[in-house]
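# Residue-level structure breakdown
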Protein chains: 2
Amino acid sequence: MKEPSSTLRETDDEARRLARILLRSARYAALAVLHPETGFPFASRVLLGTDIDGVPVILVSALSTHTKALAADARASLLTGEPGKGDPLAHARLTTQCYAEPVDRDTPLHTRIRTRFLARHAKAGLYIDFPDFRFFRLVPQSASLNGGFGRAYILDGGDLVIHSEANDALAEKAEAAVQDLVARHPDLMSTLTLRLGAPEAGPWRIYGVDSAGFDMISGDLLMRCEFDTPAADLDHICSNISKIAYLIP
Amino acid sequence: MKEPSSTLRETDDEARRLARILLRSARYAALAVLHPETGFPFASRVLLGTDIDGVPVILVSALSTHTKALAADARASLLTGEPGKGDPLAHARLTTQCYAEPVDRDTPLHTRIRTRFLARHAKAGLYIDFPDFRFFRLVPQSASLNGGFGRAYILDGGDLVIHSEANDALAEKAEAAVQDLVARHPDLMSTLTLRLGAPEAGPWRIYGVDSAGFDMISGDLLMRCEFDTPAADLDHICSNISKIAYLIP
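To start, this report covers the structure provided alongside it.

Conventions used here
- Note that residues are indexed from 1 along each chain, following the sequence as it is written.
- Whichever chain is written first is A, and whichever ligand is written first is 1; the rest continue in order.
- Local features are withheld for residues below a pLDDT of 70 in this predicted model, meaning they are given only at 70 or higher, and side-chain atom pairs are given and counted only at 80 or more; totals for whole chains, interfaces and linings count all residues.
- Only heavy atoms go into the side-chain values, all of them from the structure, while hydrogens and water stay out.
- Numbered from the N terminus, helices here are DSSP runs of H or I no shorter than four residues, and strands are runs of E no shorter than two.
- We define a polar contact as two N or O atoms separated by no more than 3.5 Å, with the added condition that, inside protein, one atom must be a possible hydrogen donor and the other a possible acceptor, whereas residues neighbouring each other in sequence contribute only through side-chain atom pairs.
- Two residues form a contact once any of their heavy atoms are found within 4.5 Å.
- Between any two strands, pairing holds if DSSP finds at least two bridges.
- For every element, the axis is a line fit to its C-alpha atoms; helices are fit only across the contacting stretch, and the angle between N-to-C directions ranges from 0 to 180 degrees.
- Each copy is superposed on the other by least squares, with the fit set by C-alpha atoms of residues at a pLDDT of at least 70 in both.
- Defined in terms of a 1.4 Å probe, buried area is the accessible area two parts forfeit on being brought together, summed over both.
- By convention in these notes, a salt bridge is any Lys or Arg side-chain nitrogen within 4 Å of a carboxyl oxygen on Asp or Glu.
- The classification used treats Ala, Val, Leu, Ile, Met, Phe, Trp, Tyr, Cys and Pro as nonpolar, Asp, Glu, Lys and Arg as charged, and all other residues, Gly among them, as polar.
- Site definitions follow a grid-based scheme: protein atoms alone, a 1 Å grid, a 1.4 Å probe that fits but cannot get out for cavities, and for pockets an open set with protein on both sides within 12 Å along at least five of seven lines, plus lining residues having an atom within 4 Å of a point.
- Grid points are joined across faces, edges and corners, and a volume is the space filled by probe spheres set on the points.
- Each residue gets one of three labels from its accessible area relative to the maximum for its type: buried under 20%, exposed over 50%, partly exposed in between, using a 1.4 Å probe on protein chains only.
- In this analysis, rings of Phe, Tyr and Trp, with Trp reduced to its six-membered ring, are considered paired at centre separations within 6.5 Å, and the interplanar angle assigns stacked below 30 degrees, edge-to-face beyond 60, and tilted for intermediate values.
- When the NZ atom of lysine or the CZ atom of arginine is within 6 Å of a ring's centre and also within 35 degrees of its normal, the charge is said to sit over that ring.
- Here the angle decides the label: under 35 degrees means roughly parallel, over 145 means roughly antiparallel, 65 to 115 means roughly perpendicular, and every other value means oblique.
- With the far helix as reference, a near helix turned anticlockwise by less than a right angle produces a left-handed crossing, and one turned clockwise produces a right-handed crossing.

Residue and element names in this part refer to chain B. Structurally, Arg-116 can be placed in helix H3 (residues 108-120). For Arg-116, the side chain forms a polar contact with the main-chain oxygen of Thr-50, separated by 2.8 Å. With residues up to four places along the chain from it excluded, the contact list for Arg-116 reads Thr-50, Asp-51, Ile-52, Val-209, Asp-210 and Asp-215.

Written out as structure tokens, the structure is:
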């Protein structure tokens, strides 16, 4: 067997798409922070959500070490992409270096993130409003994609953020528009899950929408579908979804 | 619902046992290190093994970021304990703060670690002897056990290390002695897996033995069994295993 290549591969759209999917479809992640007392790196598990601009968000308790760490030093790292069967290192994973930004309560930003987070993590409703819990946006600065042995790529933070002027408008209305689309086409979800090769785990539903794609959930499973062409508005999102479901060129 | 307790629980033998199992039965871990150029925490995935004294070991390439990081700053953190079904935060996990010690090649220590690592990760044989790959022992300094909501414990590094003068002798001979025990008792493995509640994944076999317990493997699955009483020698290990299998008081 030859030794794996030591060189990074050139980052292409395929790598960027895989990285986005690894970040946006992760239910949870390993979070690395700097321990506020010892300066040691400190790894812990967090539930993961995303904001409308694709920025990952975490919901953490002020009592926990990672929250104290982020309050003292905003530098953080997320590891996403869980191994399946076989060699754990043969499965793709992504390390994202981020700056953590606390999200103030009683702001439109908090409301938006809270709504999106609950759509993904319904059980977080048990503690999401406890006074010691807060959200952080983890804004990507750079990332390392490891697609398996000898398949390493470096990404810019901007590769993982959705740069769209439509973000705010979509956050308000995309969800309802897509639910309406689904209601008007009773076969849409079954067709979509077939096209996307979703595991036959049970009924899938769309729970998150943005200009770059949409998220589906079925029990413990999440899927992320990235559009080939980012959408500029609601109609564009709906037509993108219909094209995928009905193979419209 | 009441807010989860904010206080740490008193660390007891039950917590120590759970922590040891989470560390010693992990096929892989999230490793957090300090990025050698930026100082950011950096999270990546590594295969995990253990040395005869229970110290976790990793096999990493000199070309990778985490290896360069450990060469520059030995402080590291391991997250072990993978979530099963349901809420990821309801599953126990362990954060272990460690100092990384490189393992020199062509030493008895390297031979011992290499043998144990291959017994757990057979596929690593494809690259274990590449010149850019090396082992680190990650010597525990302290650890945080999160057994689920409101169940947090702090451990000493020493709680995760096997302090036995028999370690070196056992490393040489325990494996053969246990294989002999298994050969003499054809029903031993099936009885053990039943007693330990091992998933019926296929045939299980013992692949690692030390004075604190033993490791079993079946395909992608690992199990760790910790003895109630640490063993002082080979006979004691074999009698401990027999007691578990045959419910000898």
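That was the structure; now back to the text.
Residues and elements named next belong to chain B. Taken in spatial order, the three strands of this open sheet run S8-S9-S10, and their pairing is antiparallel. Every interior strand has two partners, whereas the edge strands, strand S8 (205-210) and strand S10 (221-226), have only one. With direction set aside, neighbouring strand axes in the sheet form an average angle of 20°. Across six bridges, the pairing between strand S9 (residues 213-218) and S10 is antiparallel. Paired with Asp-215 across the bridge in S10 is Arg-224. Against the sheet, H3 makes contact with S8, S9 and S10, and its axis sits at roughly 150° relative to S8, the strand it touches most. Running over the sheet, helix H6 (residues 234-246) touches S8, S9 and S10 and is turned about 135° from S8.

Below, the discussion takes up the relation of the copies chain B and chain A. Structural alignment of chain B on chain A gives an RMSD of 0.0 Å, achieved by rotating through 180° and translating 0.0 Å along the axis. In symmetry terms, the pair is related by a two-fold rotation axis. Residue by residue, 100% of the interface of chain B is reproduced at the interface of chain A, so both copies engage with the same surface.

This paragraph deals with the interface of chain B and chain A. The interface is formed by 48 residues belonging to chain B together with 48 residues belonging to chain A. Of the roughly 4,200 Å² buried at the junction of chain B and chain A (both faces included), carbon and sulfur atoms supply 65%. If you sort the residues of chain B by the area they bury against chain A, B:Phe40, B:Pro41 and B:Arg45 come out on top, with a joint share of 18%. Residues A:Arg45 and B:Glu82 are paired through a salt bridge, measuring 3.7 Å at the closest nitrogen-oxygen approach. If you look at where chain B meets chain A, you find 14 residue pairs in polar contact (both at pLDDT 80 or more). Broken down by secondary-structure element, the contributors of at least two residues to the side of chain B that touches chain A are strand S1 (28-34), strand S2 (41-50), strand S4 (75-80) and strand S5 (93-103) of chain B. Among the residues forming the side of chain B that touches chain A, the class breakdown is 26 nonpolar, ten polar and twelve charged.

Here the focus is the layout of surface pockets. Roughly 1,300 Å³ of volume is contained in the largest pocket. Along the walls of the largest pocket sit 38 residues, with A:Tyr28, A:Pro83, B:Tyr28, B:Glu82 and B:Pro83 positioned nearest its centre. Those elements that provide at least two residues to the lining of the largest pocket are helix H1 (13-24) and strand S10 (221-226) of chain A together with helix H1 (13-24) and S10 of chain B. With six residues, S10(B) is the largest single contributor of residues to the lining of the largest pocket. Looking at the lining of the largest pocket residue by residue, the classes come out as 21 nonpolar, seven polar and ten charged.

Under the definition given, this model contains one cavity of 30 Å³ or more. The space that makes up the largest cavity amounts to roughly 100 Å³. Tallied by class, residues from the lining of the largest cavity come to eight nonpolar, no polar and four charged.

Under the counting rule described, the total for this entry stands at 34 salt bridges over all chains. With a closest N to O distance of 3.7 Å, B:Arg27 and B:Asp220 form a salt bridge. You can see B:Arg27 sitting in the loop between H1 and S1 and its partner B:Asp220 sitting in the loop between S9 and S10, a full 193 residues away along the chain. Of the residues examined, B:Arg27 reaches a relative accessible area of 17% and is grouped as buried. The shortest N-O distance in the salt bridge between B:Asp73 and B:Arg75 comes to 3.0 Å. Relative accessible area serves as the criterion here: at 22%, B:Arg75 is assigned to the partly exposed category. If you follow the salt bridges from partner to partner, you end up with A:Asp51, A:Asp53, A:Glu101, A:Arg112, A:Arg137 and A:Asp168 in one network.

We now examine the side chain of A:Gln97. Looking at where A:Gln97 falls in the secondary structure, it is placed in strand S5 (residues 93-103). A polar side-chain atom of A:Gln97 sits 2.8 Å from a polar atom in the side chain of A:Ser77. A distance of 3.0 Å separates the side chain of A:Gln97 from the backbone oxygen of B:Pro41, its partner in a polar contact.

In this section: the packing of aromatic side chains. Under the defined criterion, the tally for this structure stands at ten aromatic pairs over all chains. Between B:Phe117 and B:Phe135 the ring centres are 5.3 Å apart and the planes differ by 70°, which places this aromatic pair in the edge-to-face class. Taken together, the positions of B:Phe117 in helix H3 and B:Phe135 in strand S6 (residues 133-146) put the pair 18 residues apart, joining distant regions of the chain. Accessibility assignment for this pair places B:Phe117 and B:Phe135 in one class, buried. Against the face of B:Phe40 rests A:Arg75, its NZ or CZ located 5.8 Å from the ring centre.

Moving on: the environment of B:Gly208. All names here are of chain B. Looking at the secondary structure, you find Gly-208 in strand S8. Sequence separation between Gly-208 and Arg-120 is 88 residues, and the spatial gap between their C-alpha atoms is 8.0 Å. Those residues in contact with Gly-208 that lie beyond four places of it in its chain are Glu-175, Phe-214 and Asp-215.

A few words now on unusual backbone geometry. Of note, the phi angle at A:Asp106 is positive, near 55°, even though the residue is not glycine. Tracing the backbone shows A:Asp106 in the loop between S5 and helix H3 (108-120).

Attention now goes to the packing of helix H5 (residues 188-195) of chain B against H6(B). Each pair of packed helices gets described by two things: the angle between the helix axes and the distance between those axes. All names here are of chain B. At a closest axis distance of 8 Å, the pairing of H5 and H6 adopts a crossing angle of 65°. As the angle between them shows, H5 and H6 are arranged roughly perpendicular. The handedness of the crossing between H5 and H6 comes out as left-handed. Of the residues in H6, those in contact with Leu-188, Thr-191, Leu-192 and Arg-195 of H5 are Ile-241, Ile-244, Ala-245 and Tyr-246.

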